[in-house]
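Take a look at the letters that make up each chain.
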Amino acid sequence: MANQNNQILKNTNAQILDEFNASIMFDKELYAQDIKGSIAHSLMLAEQGILTKQEQEAIEAGLLQVKKEIESGEFKFSLAYEDIHMAVETRLTEIIGEPGKRLHTARSRNDQVATDFRLYVQDKSLSIKAQLKELVETFVNVAGKYTTTLIPGMTHLQHAQPLNFGYHLLAYANMFKRDYERFESSYERNNYCPLGSAALAGTPHNINRESSSQKLGFIAPTSHAMDTVSDRDFALEILFNISTTMMHISRISEELILWSSYEFQFVRMSDEYATTSSIMPQKKNPDVPELLRGKTGRVYGNLISLLTVMKGLPLAYNKDTQEDKEGVFDSVKTVEISISILNEVIKNMIVNVDKMQNACKIGHLTATDLADYLVQKQNMPFRTAYYITKDVVALANSLNKDISELNIDEIRSANDELKNVSEEIVMYLDLRNSMNARNSFGGTSSIQTENQIKYFEEWLENR
């Protein structure tokens, strides 16, 4: 009985170890890249005379059959395969026999997984980049509708100066444009082929790494085999790029949450992207922006996780790097759905123009204009103008008015230095005039906002 129990325990431990060691249940995501890389490798081997033409053709046909079986759901994944590479190779050999055993000539699972994973990251960098272009276009299109709509610009979440809403939205267009450029830059920097690096030191076989690289769409082969098989910078880059994109998504989500509250009422969420409370039927909760904001922490965790895995690894390959893929897969799926959803939220949000413009009459947004006027027209030192403006603000508060609503007599009464001030000062305190006065390059005036929209339209057209 004791021997039987020991055997059961031994079998259980073996199963646990198999599950612990295997990556097949998540790296099966790489099946298409693995098969693509193997076909390119077989073609190169045939070109070099390492495989015969007949062997290569059998291998390629067999690999395409494996791909078809996986995509149809016929293929059965098992822990016995350990990883996607052995799963594909084992099934290939079952289909075509002896030639299937020749496929692994002049490569290692080390350079094979590095190639598969890099192909995946490169593919996803392109697809995420395309999504970001669409998102930038949405922000630009919506911004174009509101280039004259006033909204209070804020610092420290306090009313500061009047902006137009289109200008505010273009801030996010700029953020997502930078995200686009980060993915673009990473793609170009990492577009080099690991295949042929073998375990860590290259291979004695007469291979042609340039041929493999070309077949897989890379610029060239990587230049150092040992660095290549241990490098996961490309994975860290896409995780960082995704984290930065999600940070930007979280920031606009936070503003949408604030803007849709009763305190702001600047925008209203489409019913598709909001829910009612479980016990308070009058409430409409911005659940989708809240989820977008929350998922940002998830992708940050994936970035920190891989940074931590990589920080203490000696050269060359180590099994620790098996932990590189799940976080990337998760972050990719998270950012893809997040960009898609945010795009629809922005397209379908309902903007309350009147609420935005009325909110500009709270907080004395044109106070800085008064100080600038005194500096420019009265030749006052700015600090003097600053304190005089404080007196005007205090007067407006005492009258329960916004500074933009004061008449010339009220302004003159606020401080002795203003007794003879010109009536044109009233125009300087006008909210719309204030917004349009900021006509410097990159400023909030309607003209500058329209110029920025034209810039983005040209940028989008050239992408």
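Below is a summary of the structure that appears in this document.

What counts and how
- Residues numbered from 1 in each chain as written.
- Predicted model: local features only at pLDDT ≥ 70, side-chain atom pairs only at ≥ 80, totals over all residues.
- Heavy atoms only, no water.
- Salt bridge = Lys/Arg side-chain N within 4 Å of Asp/Glu carboxyl O.
- Helix = DSSP H or I, 4+ residues; strand = E, 2+ residues; numbered from the N terminus.
- Buried < 20%, exposed > 50% of the residue type's maximum accessible area, 1.4 Å probe, protein only.
- Phe/Tyr/Trp six-rings, centres within 6.5 Å; stacked < 30°, edge-to-face > 60°.
- Lys NZ or Arg CZ within 6 Å of the ring centre and 35° of its normal.
- Pairing = 2+ DSSP bridges.
- Contact = heavy atoms within 4.5 Å.
- Patch = residues over 30% accessible without salt bridge, like charges linked within 9 Å, V, L, I, M, F, W, Y side chains within 5 Å.
- Areas by Shrake-Rupley, 256 points an atom, 1.4 Å probe, with all protein chains shown as cover.

Once that is clear, we can look at the pattern of salt bridges. Scanning the model with the defined rule gives 24 salt bridges in all. A salt bridge links Lys129 to Glu184, with the shortest nitrogen-to-oxygen separation between them at 3.7 Å. Of this pair, Lys129 sits in helix 7 (residues 109-143) while Glu184 sits in helix 8 (residues 165-189), placing them 55 residues apart in sequence. A residue is classified by how much of its surface remains accessible, and Lys129, at 15% relative accessible area, is buried. A salt bridge links Asp324 to Arg232, with the shortest nitrogen-to-oxygen separation between them at 2.6 Å. With Asp324 in the loop between helix 12 (287-310) and helix 13 (325-348) and Arg232 in the loop between helix 10 (225-230) and helix 11 (233-259), the pair connects residues that are 92 residues apart, well separated along the chain. Overall, the relative accessible area of 1% leaves Asp324 in the buried class. Judged by relative accessible area, Arg232 falls into the buried class, the value being 1%.

Summed over the entire model, instances satisfying the criterion amount to 16 aromatic pairs. When the centroid spacing of 5.5 Å and the interplanar angle of 70° are considered together, the rings of Phe165 and Trp259 count as edge-to-face. Of this pair, Phe165 sits in helix 8 while Trp259 sits in helix 11, placing them 94 residues apart in sequence. A relative accessible area of 0% places Phe165 in the buried class. According to the relative accessible area criterion, Trp259 is buried, its value standing at 4%. Pairwise contacts between aromatic rings join Phe117, Tyr120, Phe234 and Phe329 into one cluster. The side chain of Lys325 reaches across the aromatic face of Phe117, ending 5.5 Å from its centre. A cation sits over an aromatic face here: Arg383 above Tyr386, 4.8 Å from the ring centre.

Another point: the pairing of strand 2 (residues 158-164). With 6 bridges joining them, strand 1 (residues 150-155) and strand 2 adopt antiparallel strand pairing. Looking at the pairing, Thr155 lines up with Gln158 of strand 2. Between strand 1 and strand 2, which pair antiparallel in sequence order, lie 2 residues; one of them, His156, sits at a positive phi of approximately 55°.

As for its position among the elements, Ala199 is in the loop between strand 3 (192-193) and helix 9 (209-215). With a relative accessible area of 33%, Ala199 lands in the partly exposed category. The spacing of Ala199 and Ala106 is 93 residues in sequence and 9.5 Å in space, taken between C-alpha atoms. Apart from the residues lying within four places of it in its own chain, the contact partners of Ala199 are Ser108, Asn110 and Val229.

With respect to the secondary-structure elements, Asp179 resides in helix 8. Contacts of Asp179, omitting those with residues within four sequence positions, involve Leu132, Thr244, Thr245 and His248.

Taken together, the side chains of Phe382, Tyr386 and Tyr387 define a hydrophobic patch exposed on the protein surface, amounting to about 310 Å² of accessible area. The class for Tyr386 is partly exposed, based on a relative accessible area of 36%.

With omega at 10°, the peptide bond leading from Leu315 into Ala316 counts as cis. With respect to the helices and strands, Ala316 occurs in the loop between helix 12 and helix 13. Notably, His156 is not glycine yet its phi reads approximately 55°, a positive angle. Along the polypeptide, His156 turns up in the loop between strand 1 and strand 2. Even without a glycine there, the phi angle at Asn400 is positive, about 55°. With respect to the helices, strands and loops of the structure, Asn400 is situated in the loop between helix 16 (382-398) and helix 17 (408-413).

What follows covers the environment of Ala32. Within the element layout of this structure, Ala32 appears in helix 3 (residues 31-47). Classification of Ala32 as partly exposed rests on a relative accessible area of 26%.

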